[in-house]
Amino acid sequence: MHLRDHIPEPWRVFLGEKLITLYWQIIEDFTREVYASQIVFPPYEKVFEALKWCNPESVKVVILGQDPYHGTGQANGLCFSVHRGIALPPSLQNIYKEMHTDLGIPPEKHGDLTPWAWQGVLLINAVLTVEKDKAASHKGQGWEWFTDTIIQMLSKESENQVFILWGNQARSKKALIDSRKHLIIESAHPSPLSAYNGFFGSKPFSQANEWLTTRGIAPIDWHL
């Protein structure tokens, strides 16, 4: 089975001819090689998990991460999310802290963000795979073209979406988004190395919901 066949059907239709270009073939070849020769996260069948839970037309909020968690058992295909029973990564702990400050929601003990995805929050990393214990090891291998294409097409084909960009890598995608049609929320990354440089106090969750509600769109219930 080709990697393309794991992309949910609504997204295959949405992306159309993009999936028969040389750029896509580079990703196909790269993933076939690394999954055969390395320990790679997330599991092969979870690479497009972020696309599974919300169709292109149902996306309300895009949260862009960098690349998957590289520790064993952590990456589940949704950026910043981990399965129940897995210890909370520091960045996710800080996301919960900001959510508590912003909305008064007590921090959860689990890290499963799937309920956000069910409501139209696209939790996608810029790079969709990583080698075990090697952060950013699959950077520059084609994934950025794919995820940039998704961001550009969502921006072009939709309106009134919220794009949440945490950290310099995510913020570099700002040029792909039409700010006349969409809200861009940007700040420092929630990592402990940078959270105090502007992530804490940025109120992304209330900002997103205010934008949606003032445009007649149901807000996100950020409770998990």
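Residues numbered from 1 in each chain as written. Predicted model: local features only at pLDDT ≥ 70, side-chain atom pairs only at ≥ 80, totals over all residues. Heavy atoms only, no water.

A.B. asks: Got a sec to walk through the packing of aromatic side chains? Specific residues and values, please.
C.D. replies: Counted according to the given criterion, the structure contains 17 aromatic pairs. Judged by centre distance (6.4 Å) and plane angle (35°), the ring pair of Trp24 and Phe48 falls under tilted. Of the two residues, Trp24 sits in helix 2 (residues 22–37) while Phe48 sits in the loop between strand 1 (40–41) and helix 3 (49–52), which places them 24 residues apart along the sequence. A residue is classified by how much of its surface remains accessible, and Trp24, at 0% relative accessible area, is buried. Between Phe48 and Phe146, the aromatic rings sit 5.8 Å apart at their centres with planes inclined by 65°, giving edge-to-face as the arrangement. Taken together, the positions of Phe48 in the loop between strand 1 and helix 3 and Phe146 in helix 6 (residues 143–157) put the pair 98 residues apart, joining distant regions of the chain. Each member of the pair, Phe48 together with Phe146, is buried. The structure contains a cluster of three or more aromatic residues connected by ring pairs, namely Phe80, Trp116, Trp166, Tyr196, Phe199, Phe200, Phe205 and Trp222. Here the guanidinium or amino end of Arg215 rests over the ring plane of Trp211, the centre of that ring lying 3.3 Å away. (Phe/Tyr/Trp six-rings, centres within 6.5 Å; stacked < 30°, edge-to-face > 60°. Helix = DSSP H or I, 4+ residues; strand = E, 2+ residues; numbered from the N terminus. Buried < 20%, exposed > 50% of the residue type's maximum accessible area, 1.4 Å probe, protein only. Lys NZ or Arg CZ within 6 Å of the ring centre and 35° of its normal.)

A.B. asks: So, helix 6: which residues are in play, and what are the values?
C.D. replies: Taking 1.5 Å per residue, 15 residues should reach 21 Å; helix 6 reaches 21 Å between its end C-alpha atoms and fits that length. By the criterion of burial, helix 6 is predominantly enclosed, with 12 of the 15 residues buried. Of the residues making up helix 6, those classed as buried are Trp143, Glu144, Trp145, Phe146, Thr147, Asp148, Thr149, Ile150, Ile151, Met153, Leu154 and Ser155. Lining the buried residues of helix 6 we find helix 1 (9–15), helix 2, helix 3, strand 2 (61–65), strand 3 (121–125) and strand 5 (162–166). (Expected span 1.5 Å × (residues − 1). Contact = heavy atoms within 4.5 Å.)

A.B. asks: Describe the pattern of salt bridges, listing the residues and the values that go with them.
C.D. replies: Tallied over the entire structure, the rule returns 11 salt bridges. Put simply, Glu49 and Lys46 hold a salt bridge, and the shortest N to O gap is 3.5 Å. Overall, Glu49 belongs to the buried group, its relative accessible area being 7%. Here Lys52 and Glu49 are joined by a salt bridge, their closest N and O atoms 3.9 Å apart. Of this pair, Lys52 and Glu49 both sit in helix 3, separated by three residues, roughly a single helical turn. The structure contains a network of salt bridges with shared partners spanning Lys46, Glu49 and Lys52. (Salt bridge = Lys/Arg side-chain N within 4 Å of Asp/Glu carboxyl O.)

A.B. asks: Describe the pairing of strand 2, naming the residues involved and giving the relevant values.
C.D. replies: Within a regular strand, the side chains alternate between the two sheet faces. Strand 2 sits mainly inside the fold: five of its five residues count as buried. Burial of strand 2 is two-sided: the residues Val61, Ile63 and Gly65 facing one way and the residues Val62 and Leu64 facing the other way are all buried. In this structure, strand 2 lies alongside strand 3, joined through five bridges in parallel fashion. The partner of Val61 across the bridge, within strand 3, is Val121. Sheet topology note: the strand 2/strand 5 ladder contains four bridges and is parallel. When the bridges of strand 5 are listed, Ile63 appears paired with Ile164. (Pairing = 2+ DSSP bridges.)

A.B. asks: So, the sheet that holds strand 2: which residues are in play, and what are the values?
C.D. replies: Taking strand neighbours across the sheet as the criterion, the four strands line up as 3-2-5-6 in an open arrangement whose pairing is parallel. Of all strands in the sheet, those bounded by a partner on one side alone are strand 3 and strand 6 (183–187). Within the sheet, the average angular offset between the axes of one strand and its neighbour, ignoring direction, is 15°. In the packing of helix 6 onto the sheet, contacts are made with strand 2, strand 3 and strand 5, and the angle to strand 3 comes to roughly 150°. (Axes fitted to C-alpha atoms, helices over the stretch in contact; angles between N-to-C directions.)

A.B. asks: Outline the side chain of Ser158, listing residues and values.
C.D. replies: Locating Ser158 in the fold gives a position in the loop between helix 6 and strand 5. Look at Ser158 and you get buried, because its relative accessible area is 17%. For Ser158, the contacting residues outside a window of four places in its chain are Met153, Lys181 and His182.

A.B. asks: Now, about the nonpolar core: what can you tell me, with residues and values included?
C.D. replies: Counting residues in each nonpolar core, the largest one holds 69 residues, and the members touching the most others are Phe48, Ile63, Trp116, Leu122, Trp143, Phe146 and Trp222. It is helix 6 that provides the largest number of residues to this core, a total of seven residues. Beyond its immediate chain neighbours, meaning those up to four positions away, Phe146 contacts Ile7, Leu15, Leu19, Trp24, Ile27, Phe48, Leu51 and Leu128. (Core = buried A, V, L, I, M, F, W, Y, C linked by side-chain atoms within 4.5 Å.)

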